[in-house]
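# Report on the structure
Each chain is listed here by its residues.
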Amino acid sequence: MEQYLNLRKERLASMDMLKGFAIFMVIAGHTIQYLISGDYCDKSAYRIIYSFHMPLFMAISGFFSYRNSIGGGKTPVYQQIARRAWALLIPVVVFAFIMRYILMESSRFLNPLIHSLWFLKSAFSCFALYSLATAFPVRNRIIPLMLTLLISQIFSIYNIRLMYPCFLAGAFLKSRITIVLQHIGTLTIISGAIWLAMVSFFDASFWKFRTQDIFVFVPIHLLLSADWWYVMVYRLTVGLSGSLMFFGIFEMLSSRKFHTTLIGKYINAIGQETLWIYVLQTIILETYLPRYINFDSASTILFYSIIVPIISIGVLTVCIAIIRALKWSIDEIRQRYQIA
């Protein structure tokens, strides 16, 4: 039992480090997207990051949701969905309130509520689909899961069509975690080889359908288009292969106690606060920094090797400082007024 508990702690440490790495990649990608001019999909560094970072985050969400929906089936499905709505959608409401009424960055409350923080709304949608499928009163859950997978493909909004398969992949990974860990080295090498081969051809043409993301549903003519499905399947495959590769890398790092090193502890701490880091970086990096900072004049080598890492670490550090200050303030208020 003690060995099992120790293994479980290491596994959770690996996931926290994986989330910390993923949010760093999100911020690095946004640094490239917002702090230099030009179409971001024309930049190879952005495309490499984009190929896996959000699929990885959604797979992590599915990984942790497996226990909630199947392993912990005693909780009614409506309660599961309500809890996840509170965890994922309340931050969206808070963000919209701040942008409209405190920072005065939006003329309407609905604009940031609907159009910002797409990933949180996508994660909630994926969890709701998954919870409904796993709560279906049948012995074989493959049928309702496949049905929800098909349903997800008609949604264009919040990238649900790509994110839900990643969510399911994360849940499947958790359901087979013992076997996966037994062959983690081989799986990491194979998935890494697939990702490296595919990402080398991951050019700007895979963004040809991005204008469709503003619509709720995918137009019928695209659902009947072979080109559409080629792009979607390619993006999904490169995302899942990259996600599995990095999962394997951080599992192996954790088995070597990397999370106990100074860098490992820093990444681990970041990984425990990814939700609010994601919210705060939207304000800091996506809203304010582009107004005052632009690196068009910097050389390519300087920008990608020095500026992007420094900006990313700086934004992360500021976000962590804000989160800790808010937590300290909330704890002080609770203690002073004896709030449970």
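For the structure itself, look to the data block above.
One structure accompanies this document, and this report is about it. (Residues numbered from 1 in each chain as written. Predicted model: local features only at pLDDT ≥ 70, side-chain atom pairs only at ≥ 80, totals over all residues. Heavy atoms only, no water.)

## Quick notes on the packing of helix 13 (residues 262-271) against helix 15 (residues 300-337)
Between helix 13 and helix 15, whose axes approach to 11 Å, the crossing angle comes to 60°. With respect to each other, helix 13 and helix 15 are oriented oblique. The handedness of the crossing between helix 13 and helix 15 comes out as left-handed. For the pair helix 13 and helix 15, the contacting residues are Tyr 266, Ala 269 and Ile 270 in the first and Ile 313, Leu 316, Thr 317, Ile 320 and Arg 324 in the second. Looking at side-chain class alone, the contact of helix 13 with helix 15 contains six nonpolar, one polar and one charged residues. (Axes fitted to C-alpha atoms, helices over the stretch in contact; angles between N-to-C directions. Helix = DSSP H or I, 4+ residues; strand = E, 2+ residues; numbered from the N terminus. Parallel < 35°, antiparallel > 145°, perpendicular 65-115°, else oblique. Left-handed = near helix turned anticlockwise from the far one by under 90°. Contact = heavy atoms within 4.5 Å. Nonpolar A, V, L, I, M, F, W, Y, C, P; charged D, E, K, R; others polar.)

## Considering the side chain of Asn 268
Within the fold, Asn 268 resides in helix 13. Its relative accessible area of 12% is what places Asn 268 among the buried residues. At a separation of 2.7 Å, a polar atom in the side chain of Asn 268 contacts the side chain of Gln 272. Sequence-distant contacts of Asn 268, that is, excluding residues within four places in its chain, are made with Ala 13, Asp 16, Met 17 and His 259. (Buried < 20%, exposed > 50% of the residue type's maximum accessible area, 1.4 Å probe, protein only. Polar contact = N/O pair within 3.5 Å; in protein donor to acceptor, adjacent residues only side chain to side chain.)

## With respect to the pattern of salt bridges
Applying the stated criterion to the full structure yields four salt bridges. Residues Asp 227 and Lys 208 are paired through a salt bridge, measuring 3.0 Å at the closest nitrogen-oxygen approach. Pair noted here: Asp 227 is in helix 12 (residues 226-255) and Lys 208 is in the loop between helix 10 (184-199) and helix 11 (220-223), with a separation of 19 residues, a long-range link. Its salt-bridge partner being Glu 273, residue Lys 327 comes within 2.5 Å of it at the nearest N-O pair. (Salt bridge = Lys/Arg side-chain N within 4 Å of Asp/Glu carboxyl O.)

## Considerations on the nonpolar core
What tends to happen in soluble globular proteins is that the nonpolar side chains get buried as a cluster. Phe 119, Phe 247 and Ile 277 are the most contacted members of the largest nonpolar core, which totals 93 residues. Per-element tally for this core: the top contributor is helix 1 (residues 2-35), with 12 residues. (Core = buried A, V, L, I, M, F, W, Y, C linked by side-chain atoms within 4.5 Å.)

## Observations concerning the state of the cysteines
By the definition in use, this model includes zero disulfides. Cysteine Cys 126 remains unbridged, with the sulfur of Cys 166 as its closest cysteine sulfur at 8.4 Å. Residue classification places Cys 126 among the buried residues on the basis of a relative accessible area of 0%. The exposure class of Cys 166 is buried, given its relative accessible area of 1%. (Disulfide = S-S within 2.5 Å.)

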